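What follows is each chain in one-letter form.
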Amino acid sequence: VFKNIFLCQKMDVLKANSEAKRYLQKAKNYFKTTDVEIHPILIGRMAAWEIILNGKEKFAEAEIAKIKTKFGKTCFMVFFYRLLYTYNQNNKNLDLVETVTFNKLPIALGAFDKKIFNKFFLILAFHYHNKKMNEKCSEALSIVDPLRLDSWESDWFSEKYKHLYKLYLN
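Residues numbered from 1 in each chain as written. Predicted model: local features only at pLDDT ≥ 70, side-chain atom pairs only at ≥ 80, totals over all residues. Heavy atoms only, no water.

Enquirer: Kindly report on the pattern of salt bridges, identifying the contributing residues and their values.
Expert: Applying the stated criterion across every chain yields a total of five salt bridges. The partner of Lys66 in a salt bridge is Glu63, with the nearest N and O atoms 3.0 Å apart. Taken together, the residues Lys66 and Glu63, both in helix α4 (residues 58–66) and three residues apart, mark about one turn of the helix. The exposed category is assigned to Lys66, whose relative accessible area is 53%. Between Lys131 and Glu98 there is a salt bridge, and its shortest N-O distance comes to 3.0 Å. Of this pair, Lys131 sits in the loop between α6 (111–130) and α7 (134–143) while Glu98 is found in the loop between α5 (70–87) and α6, placing the two residues 33 residues apart along the sequence. You can call Glu98 partly exposed: its relative accessible area is 26%. (Salt bridge = Lys/Arg side-chain N within 4 Å of Asp/Glu carboxyl O. Helix = DSSP H or I, 4+ residues; strand = E, 2+ residues; numbered from the N terminus. Buried < 20%, exposed > 50% of the residue type's maximum accessible area, 1.4 Å probe, protein only.)

Below, the structure written as structure tokens:
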């Protein structure tokens, strides 16, 4: 799944659409037939590419419903939405992100978990911003710790945070 989903992305970047679809299908076929547990990050990636390449949201909706933990759902959402925002400009208001809810975050989180939750709340804030739901955007943004956004990994999250911070928290 990992190899094929990244080859799918590479082919999309190279504008080889039929090849990208072929690699996506290979990843999905393995996913459907394996007994090996596939991490929610990879499932989120497959779901995003299903929308980007085929315009179909049902895979994403079905797979997020199967994930049992909030952390798993959060991992799915972070990678799912980042790919959509990066590669598919027409699907910015998918409400699937709103299905993952928290009353409060767990007190004891490891460094990786904190980064994932921060990215999730930033994506949620950006989602609400796009829907012009300013109060909800501010709420989600106030939870984000900008020091846990992995600017070394990608400036994508840092840029979104700076943009929203100027609009809502400045």
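Enquirer: How would you sum up the environment of Cys137? Please name residues and give values.
Expert: With respect to the element layout, Cys137 can be found in helix α7. Of the residues examined, Cys137 reaches a relative accessible area of 0% and is grouped as buried. Apart from the residues within four sequence positions on either side, Cys137 is in contact with Ala125, Tyr128, His129, Leu164 and Tyr168. (Contact = heavy atoms within 4.5 Å.)

Enquirer: Hey, could you go over the side chain of Lys73 for me, with residue numbers and the actual values?
Expert: For Lys73, the location among the structural elements is in helix α5. Here Lys73 sits buried without a salt bridge, and the closest side chain of opposite charge, Glu63, lies 10 Å off (N-O distance). (Lys, Arg positive; Asp, Glu negative; His and termini not counted.)

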